[in-house]
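Listed below are the residues making up each chain.
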Amino acid sequence: MGILEVKNVSKSFGGLKALRDVNLSVAEHSVHAIIGPNGAGKSTLLNVLVGKLVPDTGSVMFDGQSLLGRKPYEINQMGISRVFQTPEIFGDLTVIENVMIPCFAKRDGVFRMHAFETVENEAEIVAQAEAALADVGMLERRDMHAAALSRGDKRRLELAMCLVQEPRLLLLDEPTAGMARADTNRTIELLRQIHAKRDITMVIIEHDMHVVFSLAQRITVLAQGAPLVEDTPENIKGHPKVREAYLGEAA
Amino acid sequence: MLGLNRQDTALLIIVAVLTLLAPFILNPFPEGSGLATLNAGYPDLMQRFVIYGIFAIGFNILFGLTGYLSFGHAAFLGVGSYAAVWMFKLIGMQVIPAVLFSMAISAILALGIGYVSLRRSGIYFSILTLAFAQMCYNLAYSVLGNPNSRFNLTNGETGLQLTLDDPRILGVQRTPDGGIPVPNFFGIEMRDSYDLHLGDWVFTFSGGYYFAAAVMLIAFYIAIRIFRSPFGLMLRGVKSNQTRLYYTGINARPYTLAAFVISGTYAGLAGGLLACMDPLAGAERMQWTASGEVVLMTILGGAGTLIGPVLGAGFIKYFENIFSKINDNVLHGWFAFLPDGLEDFMVTLVHPFVGKGWHLTLGILFMLVVIFLPGGLVEGGQRILGLFRRRKAPPPGPDPEHHPKPTPHVAE
Amino acid sequence: MTMIEETRSGKFQRPDFSRHANMAETAPAFLSVWDVHAYYGESYIVQGVSFNVHEGEILALLGRNGAGKTSTLRAIARTGSPQVTHGEIWLDHQPLHRMSAHEAARAGLQLVPEDRRIIPGLTVEENIQLAQIAPPIGWSLERIYELFPRLGERRKQEGVTLSGGEQQMLAIARALARDIKVLLLDEPYEGLAPVIVDEIERTLKVIKEQGITTVIVEQNAIRALMLADRAVILDTGNVVFDGSAQEVLDNEALRAEYLAI
Amino acid sequence: MDAIILQTLNGLDKGSAYALIALGLTIIFGTLGVVNFAHGALFMLGAFCAVVFNRLLSLSYITIDPTQTDFLGNPLKVETPYVIGWFGPEAGQAIIDWSVPLSILLVIPVMGLLGLAMERGLIRYFYRRPHADQILVTFGLAIVLQEIVKYFFGANPIPTPAPPAMAGGADVGMLLGFPENAIVYPVWRLFYTFFAAVVIAAVFGFLQFTTFGMVVRAGMADRETVQLLGIDINRRFAVMFAIAAIVAGLAGAMYAPINSPNYHMGMDFLVLSFVVVVVGGMGSLPGAVAAGFLLGILEAYASLDAVKQILPSIDQIIIYIVAIVILLTRPRGLMGRKGVMEE
Amino acid sequence: AAFTNEPKGPNVVFGFNVPQTGPYAEEGLDELRAQQLAVEHINGEGDGGALNTFSSKALQGNGLLGKKVTYVTGDTQTKSDAARASAKSMIEKDGAIMINGGSSSGVAVAVQALCQEAGVIFMAGLTHANDTTGKDKRRHGFRHFFNAYMSGAALAPVLAKAYGTDRRAYHLTADYNWGWTQEASIKAATEALGWETVATVRTPLTATDFSSYLAPVLNSGADVLVLNHYGGNMVNSLTQAVQFGMRDKIVNGKQFEIVVPLYSELMAEGAGSAVQGVYGSMNWNWQLSDEGTKAFVKSFGEKYGRPPSNSAQTCYAQVILYADAVARAGSFHPCAVIEALEGFEFDGLGNGPTLYRADDHQCFKDVLVVKGKENPKNQYDILEIVEKTPVEQVWYEPDHPMFAGGELGPCNPGE
Ligand SMILES: Nc1ncnc2c1ncn2[C@@H]1O[C@H](COP(=O)(O)OP(=O)(O)OP(=O)(O)O)[C@@H](O)[C@H]1O
Ligand SMILES: Nc1ncnc2c1ncn2[C@@H]1O[C@H](COP(=O)(O)OP(=O)(O)OP(=O)(O)O)[C@@H](O)[C@H]1O
Ligand SMILES: CC(C)C[C@H](N)C(=O)O
Ligand SMILES: [Mg+2]
Ligand SMILES: [Mg+2]
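As annotated in an unreviewed UniProt entry, chain D is Branched-chain amino acid ABC-type transport system, permease component from Meinhardsimonia xiamenensis. According to the UniProt record, the Sequence similarities (unreviewed entry) comment for chain D reads "Belongs to the binding-protein-dependent transport system permease family. LivHM subfamily." The UniProt entry for chain D carries the following comment under Subcellular location (unreviewed entry): "Cell membrane".

Engineer: Provide a residue-level description of the site of ligand 1, including the pertinent values.
Structural biologist: Close to ligand 1 lie 22 residues, the nearest being N38(A), K42(A), S43(A), T44(A) and G165(C). Contact distances for ligand 1 include 3.2 Å between an oxygen atom and a backbone N or O atom of A40(A). Within the backbone of G165(C), one N or O atom sits 2.7 Å away from an oxygen atom of ligand 1. Considered on its own, ligand 1 offers 640 Å² of accessible surface; in the complex 87% of this is hidden by protein. Listing elements by their share of the shell around ligand 1, those giving two or more residues are β2 (16-26) and α1 (42-49) of chain A together with α7 (164-176) of chain C.

Engineer: Any chance you could break down the confidence of the model for chain E for me, citing the residues and the numbers?
Structural biologist: When pLDDT drops low, the exact placement of atoms in the prediction is not to be read closely. Taken as a whole, chain E shows an average pLDDT of 91; of its residues, 100% reach a score of 70 or greater. Reported confidence for the predicted complex is 0.89 by ipTM and 0.90 by pTM.

Engineer: Go over the pattern of salt bridges with me, naming the residues and quoting the values.
Structural biologist: What the rule picks out here adds up to 70 salt bridges over all chains. Taking the shortest distance from any N to any O, the salt bridge between E5(A) and K7(A) comes out at 3.8 Å. Of the charged contacts in the structure, one is a salt bridge between K150(D) and E147(D), with a shortest N-O distance of 3.8 Å. In this pair, K150(D) and E147(D) both sit in helix α6 (residues 131-153), three residues apart, roughly one turn of the helix. With relative accessibility at 8%, the residue K150(D) sits in the buried group.

Engineer: Could you give an account of a negative patch on the surface, naming the residues involved and the relevant values?
Structural biologist: The grouping of E31(B), D195(B), D200(B) and E415(E) at the surface amounts to a negative patch. Positionally, E31(B) belongs in the loop between α2 (22-25) and α3 (43-66).

Engineer: Talk me through the sheet that holds strand β5 (residues 141-143) of chain E; I want residue IDs and the actual numbers.
Structural biologist: All names here are of chain E. Within the open sheet, the five strands sit side by side as β2-β1-β3-β4-β5. Their pairing is parallel. Each of the sheet's edge strands pairs with one partner strand only, and the pair in question is β2 (68-75) and β5. Each neighbouring strand pair of the sheet contributes to a mean axis angle of 25°, computed without reference to strand direction. For strand β3 (residues 98-101) and strand β4 (residues 121-124), the ladder comprises four bridges, and the chain directions are parallel. If you follow N100 over to β4, its bridge partner there is M123.

Engineer: If you had to explain the interface of chain B and chain D to someone new, which residues and values would you point to?
Structural biologist: Contact with chain B, which involves 40 residues of that partner, is made by 50 residues of chain D. Summing both partners gives a buried area of about 4000 Å² for chain B against chain D, and 74% of it is carried by carbon and sulfur. For the interface between chain B and chain D, the tally reads zero salt bridges. Counting across the chain B and chain D interface gives six residue pairs in polar contact (both at pLDDT 80 or more).

Engineer: Explain the coordination of the magnesium ion (ligand 5) to me, using residue names and the numbers behind them.
Structural biologist: Residue and element names in this part refer to chain C. Taken together, the protein ligands of the magnesium ion (ligand 5) are T70 (OG1) and E114 (OE), with distances of 1.9 to 2.5 Å. Placement of the pair is T70 in helix α2 (residues 69-76) and E114 in the loop between β6 (109-112) and α4 (124-131), with a sequence separation of 44 residues. Each of the two residues, T70 as well as E114, counts as buried.

Engineer: Give me the environment of V15(B): which residues, what numbers.
Structural biologist: Residues and elements named next belong to chain B. Inspection of the secondary structure puts V15 in helix α1 (residues 6-20). Owing to a relative accessible area of 9%, V15 belongs among the buried residues under this scheme. Taking the C-alpha atoms as reference points, V15 and M277, 262 residues apart in sequence, are found 22 Å from one another. Among residues more than four places away in sequence, those in contact with V15 are M216, L217, F220 and I307.

Cut-offs and rules
- Residues numbered from 1 in each chain as written.
- Chains lettered and ligands numbered in written order.
- Predicted model: local features only at pLDDT ≥ 70, side-chain atom pairs only at ≥ 80, totals over all residues.
- Heavy atoms only, no water.
- UniProt positions renumbered as here; feature names shortened; annotations may be inferred.
- Near = heavy atom within 4 Å.
- Polar contact = N/O pair within 3.5 Å; in protein donor to acceptor, adjacent residues only side chain to side chain.
- Areas by Shrake-Rupley, 256 points an atom, 1.4 Å probe, with all protein chains shown as cover.
- Helix = DSSP H or I, 4+ residues; strand = E, 2+ residues; numbered from the N terminus.
- pLDDT = per-residue confidence, 0-100.
- Salt bridge = Lys/Arg side-chain N within 4 Å of Asp/Glu carboxyl O.
- Buried < 20%, exposed > 50% of the residue type's maximum accessible area, 1.4 Å probe, protein only.
- Patch = residues over 30% accessible without salt bridge, like charges linked within 9 Å, V, L, I, M, F, W, Y side chains within 5 Å.
- Lys, Arg positive; Asp, Glu negative; His and termini not counted.
- Charge placed at Lys NZ, Arg CZ, Asp CG, Glu CD.
- Pairing = 2+ DSSP bridges.
- Axes fitted to C-alpha atoms, helices over the stretch in contact; angles between N-to-C directions.
- Contact = heavy atoms within 4.5 Å.
- Buried area = accessible area lost by both parts, 1.4 Å probe.
- Donors = N, O, S within 2.8 Å, 3.2 Å for Na, K, Ca; no water.

Rendered as C-alpha cells:
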C-alpha cells in the first residue's frame, strides 16, 4: 500500500477523455515522476489530487483517507502541497509575505481569527519563512513585490511556499521549467536534501529528463490519459515505446 | 506603543492630535470675515467628518484588504441608525447601549447578507450586495414604514423620530420643561457645546464631537491592528490570489466573511453615532447613493491605505456642506475688493461651481484626483512629502542621457 | 503617413553602426539593436544593449534568470513595458523604435512571449485567426494544422484549457500565421515533451530555410547553441558576449561564468 | 386577461429600454471591462439631443404683438420659429412635430463623436486601472455632464412630445379580438419596442458577423498580445465605445416622449442597468438583452393588482429578488462568460 | 446668551434651506428667489413689494430691530438627512436665527423637529402633508402653506359639480407621508359627496415610468383617476395617463377624468398640454387680483422676469411674517416671536385675510381651485382659477382625527 493510491480514475472534458482508468500507487517516502507527452493528462491528474477537479469515476486515497469530495484547503491541511505549472503566487504581496501565509496555514489550520496580533511579532513564523527563502536562494529578494520577480524566481518562490509547509506529499508540476541550468541543478539538490532529511513523498512532473532521472525512484509514463508503463528510471530510459512516444533523441 | 510599530504609532498620534485640535484647525478664518464661509469647525460637520470617517475606515477593511467591492454598505449604516433610535425610544437617552445595539444589529445583518453574497466574487458580489441593500431600503421605506401598520419599524420616508410619549423605560420621558430629552454620555449631552472666543475667532467645542472622535480613534486603532495582523495578511492574500490561498490550506470564506461582518459593524457603529448626534433615522441613508458615497470616499482617499478613507470622507462632506452654501452674496463679499465690473465678472465665473453647482465642482475634483493621483489623496500627500525630501537630498542621478522617466500613472 | 511609409519613402536613414564597438561584423545587419536602455518604473533593467542579427540567421540570446532577456525581447517588440528611454532598433531599414507594438508587428516582427499569452475566451482556431486579421498574413490554417495536428484536433476548444505544451504550440502557430521577417522566441521549449522539442527544432530549421530571421531565448542553452549561428549573452542587463555560437560551446570558462554550465 | 396583455406590452416596452441601455453598457462594461458609471449620463445626453434638436428646429424670431399682454401687463413678445417662416406654417409645424424621430440625425454624429472623445480623452487611460478608479472617474464625469445639462436646461423635466401621428393610443385590443377601446396602448411606446429591436439586431449583426467583436473581446482579455499580432486595438476600442455611446444616445432620444427628459434621468436608470447587465452575465450581449426583457416583463407582471395583493410592494423589489435568485443559482448570470470581471 | 444665536453684531442671519439639487431643484430655486426678495424688502431695498400692502405696519423697510438682515443658503437635496445637516450648519456655524424653506413634507417635519431642539424658529416652505401641523407639529414650527385636508375640502365640491356625485375614483399615490395624507384627505372628502373609491395604489417616489400602474386603471371600472403626485412624478404620471388615451375614454357612460389635487405652476409647465382641463388646488396663484398679490408679482416679475410660483409666494410670506413678528415682539427671543405669531391675523400678503392658528401653527385662508387652461395665451398662462373656496369651508378643529396626536411642546430658547 502506497501513501497515495489512485484507482480507476477517469475524467472527461466534454468528448475528450483526459484521464482513462488511471491507476497509480506512490510509495511512502519515495520520489515518483510522471512523464508523458503534452496533453497526456498529467496536470489533470494533479488537479484531481488537490481537489481542483472531481473525477468522473474512481477513487483517490491518501494515507488511507479518501481525497474525493474534499475542498482544496482540506486536502492541503492533510499534508499535500502543490507547485503549479504556471506559478500561482500572491503578486501584490512581498516575497516574505508570500511565504508567511503558508506558514500560518500550517500552524493555524484553515481559519483562525487572529485580528489583533501583529505579523512582525510572529518571530517563529518569520524565521521559518526566511529559512525557506534561504533554501531556494531568494532571501535577498525578501521585500520585493512578488509580481516583479522574473519567471524563474516566481517558480522558486512557489517552491518555497510549498516547502515551508513541510508537506507529507509534495506535488511538483514542472518545478524547473524556465529555470537556468545552474538553478535547476540547485533545485534538484535542494529537493534531494529535503527528501533525505524529511519524511516526505514527492510526485514530480517534468519534461526535463535530467531532472527526472536525477530524482525519481519510480516513473510512470502517461499517454493519452492512461498509464503506458511504470518502472524504474533505468528501465524507462531503455523502453522502446517510451523512446518513441516521448523521449525522442533526448534520452 | 499599544502594540504598534513606530510608524503606525506616529500615524495614530498625528490623527489623535488632529482630531483633538479639529475645532481650531477647521476654523482658520475669523468670524465675520468673507472667508468665514469656508470654516468647517462647527459641531455638526465635525461630527460628520469623524462618523463618516468611521464608516469609510470600516468599508476599507473589506474593500481595501480583500478587494471585495460592496455596493450595499449603506444598509448597515441605516440599520445602525434605526437600532439606536429605537434604543432611545425604548430604553433611554444614554448613548452607550444605543451604539452597542447598533453594532450588534448591523453585525447580525452583515453576517446574513455576507454569508449569501460571498458565494460570488467580483462584480457579481457587488450586485448581490447592492440588491440586498436595495431590498433593505425598500423594506425600510415602504413595507416596514407604514405608520398605519403594526410593524411600523422605520416610519417610512419621514424617518424614525423621538416623540414625547416614547416609553424610555430607563430614562425620562420628557425633560422638566416638557421637551424631548437629548442623547447623552453619562450626563454629557451630545448637543452640549462651549464657545471659545479668541479675538475675532470663535472655536466651538462640542460634547458630541469629542465623543464621536474618541470612538473614531478607537476604531482607527483597531483598523491599524487589523491591517498589521495575520488576519489582515490573509485578507490581502484573498485580494491578490484567492485560488492560491485555497491550495495553501486556507479557507478564504471565513476570512472574507469576518471582514464583511467587521466592516458592517463599523458601518452600524457609524449609523448609531449619527443617530446619537441627531436622533432621527431616515430611509434614504440606506439608498444605493449612500452606499456609493462611501465607495467614493474610500477610493478618493486611497483604498487600502489607513488614513485615506478618513481623508476621503472629510473631503466629500466638506464639499457637501460648505460649497453648497456659498451663494452669490458670499461671492460678492469675496470679490468686493475688485472694481465693480471685474467683481461681477468673477462672481459670474465662480457662480456655476458653488452653491447649487457644488456637485459640478465635486465631479471635476473626482476626475482630477483619480487622473492625477491614482493612489487617491494619500498619494497626493506622499508626493508633497516626497518633494520636500527630494529637495533635501537630491539622489545621485544616473547618466543624464539615460535618465529614467517615472512610469506614467496612466496606462496608454 | 505611418512610420513604415515614411521609412520606405527614404525619409529615415539607418544610423551608422560602425562606430559602435560591439559591431564587429561587416555584413549589413537585418535587425539592429543599438544601445537600448529600458526601465520598469524606477528599476533600470536593460542597460544599454546592442547587437545585430543578420538576415536568415538564428541568434541565441542567453543569460541567467533575471538577466534581462525577456525584457530585451519585449523592448524590441515595442510592448511599452519595460519602457525604452534610449536607443534605436532597426528592422530592415525601418525604425522600430519609433513604432508602436502593432506597427512593429506589421513591419514583420513577431514575439512569442514566454508565458504564451493564449487569449482567454477564444477557441484555438480563433486564437490563430486573430493573427490573420492585420496584414501581412502568413501560413494558412491548413498548413499550421499540418505542422501541429494536435491543434487541429483541438480547434474548437478554448485556448487556455489546452495543456501547457499544446499552448506553446499554439503560440508558435500564431506567429507562423503572420508573414514575418523576424521571429522572437522567448523560451519556446519550456514545458514541452522532448519529442515535441525535437519537432519544434525541426520547424525552426524549416523556418530558417525560408529566410526568416530568428532570435531565440532559451534556458536549455546547449540545445539553443547547437541550433543557433550566433549567440549573445546578457548579464544584469548588459551584453557580455557577442559572437558565434560555436565559440560559446567551446569556451567553457565563458559558459561557467555567465551560464553556469 | 386584458390586464395581462397590457402588462406584457408594458413589460416589452420597459424591457426595450432596459435592453437598449444594458446593450450599450455591456459593450463598455462587459467587453471593454470599464465600469462606466457615466453610461446613464450618455442615455440622458441622448434624450437631450432630442430636446436640443427640437429647440433648434423651433429657433424663433421675436415680434411684438401690441394686442396681447404678458403677465406683467406689458405688450407680448411673440416668437415664430424660423422653419415656419421658411416652409410655411404647415410644413414648418410638421417638421417641428417630427423633431424627435428626426433627431436621430443629430444623435448619431453627436453621440458618436462624444463617445470617441470620451474614450480617447479619458477612458483609455483607465483600461488597466482598477475598477474602483474607473468608478470614481466615470462617476465624476457623470456628475459633470449632469450638472452641465442642468445648468443649461434647468432641473425640471422638459416635455418633448412625439409626433402627433404617433402621440395617441393604438387600439391593440381590436387586433386581438377584444371589443373596441378595451386595450389601448400608446403608439410611441409600441414604436419604441420596434425601434429597440432594430437597434439590437443591427448591433448584433455588426458584432457577431464580423471579426470586430472577437478582436475587441480578445483585446480586452489581453491587449498587449493582440497588439503584438499587428492589430491597432486602440482604434477598435474607440470605435466600440462610440457604438455604445450611440446606442445609449438613441435609447435616450427615443425615450424622450415617454419620459420627459431631465438631468438626472440617467442616474435613475444607471443602477438598474448594471443589475440587468450582471444578471444577463458579464460579457454576453444576448444575455444583457434577454435579462433586460426578462426583468422588464417580470416587473410589469409584479405590478398586477392580483400579485400585489398577495405580496405588497413586490413590484419595487422584484428586480432585486430576481437578481439575487439568478446570481445564486447561476454563478455567472444568465449567459455570462467565465472569467469576465470575476477577479 | 439668553437664547440660541442671539444676534450680537449689526446683522441678523436668516437661513434659507431649499432643494438646490435633485428633482425639486427648480421649485427650490424659485423659493430662493422669493426669499432673497423678501430680505431686500425688509432691508428697504427694491420697491418694498407686499410690505406696502401688508396689514401689519411694524416693518419699516429699515432692517429688523436696527439690524440688517443677511442670509445664508443651503441645499436640502430633498433628503431629510441632508436637510437637517444643512439646517444644523446654518444654526451652528452661521448663527441663523430662523430657518425657512423646504420642498417636501418629510424634510419639513425633520427640520422642524431640529429647530425645536436647537431653539430657533422654523418657517416651513412648501409642505402640504397634514402631519406637519398635525401629529408632527412643533412649537417652533409654522406653516403658511395650506394642507391636504384643505385641498380635499375645497376640491371635492367643485369636482362633484363638474363631474357629478356618482363617480368611481382610482388613486395613484406617491408612497410617502405626504402622499398618504393627501390620499386620505381626498378620499374622505370625495366619498362624503357620494364618490366611490375603487382602489388606492402606492407608487414609489422614485418612479418615472407609470405605465404599469396606469394599465390596471382602465380595467378597474374607475372613471376618475386621482394623481396624488407632485414634481417629476406628477409630470410623468399625468402625461403618460394622457398618452394611454385616458382622457378620451368613456367609462360607465361617462367621460373619464383626471384630477391632480395639488398643483404647482412649475409642474404644470412641465406637463405641457396634458394639464388642460385638469382640476387641482393651490395655496395661491399669481393671477389673483388682490393688492398683496399684485404688489408681490410686480416686484418679483420685474426682478426675475417671470411670475412667482406658489411655493415662492409662501416662502416670501413666511420671511415677511417672521420679520414682522420680531418687529412686533420687539425681540428676537424665540418665545416672544412664537407668541407674536400665534393667533396672528393679517392681510395684504396675497390671497386675502389669514389667521395663524395658535393651536397648531397652521395658517387659514381661502383655497384656490384651479384648472389647466384650454387655450393658454402665453407661456405662463397655464392655469385658471375656477373657484376661491372660502376659508370657512376648509376649516377644521385642531383635534380633527387627521391631525390628532402630537403636541406642540414647550418653547425652547436653547443655550
Ligand atoms: N478544462 C478543460 N477543458 C477541456 N479540455 C481540457 C481542460 N483541461 C485540460 N484539458 C485537455 O485535457 C488534456 C490533458 O491536459 P493536461 O493539462 O492534463 O496535460 P499535461 O499532461 O499536463 O500536458 P503538459 O505536459 O503539456 O502540461 C489536454 O488535451 C487538454 O487540452
Ligand atoms: N514588471 C516588472 N516590474 C519590475 N521589475 C521587473 C518586471 N518584470 C521583470 N522585472 C525584473 O527585471 C529583471 C529582468 O527580468 P527578465 O524577465 O527580463 O529576465 P529574464 O532574463 O527573462 O529571466 P528568466 O530567465 O527568469 O525569464 C528581473 O530582475 C526582474 O525582477
Ligand atoms: C412632493 C413635495 C415636493 C411637495 C409636497 N407638497 C409635500 O408636502 O411633500
Ligand atoms: Mg501540464
Ligand atoms: Mg524571461
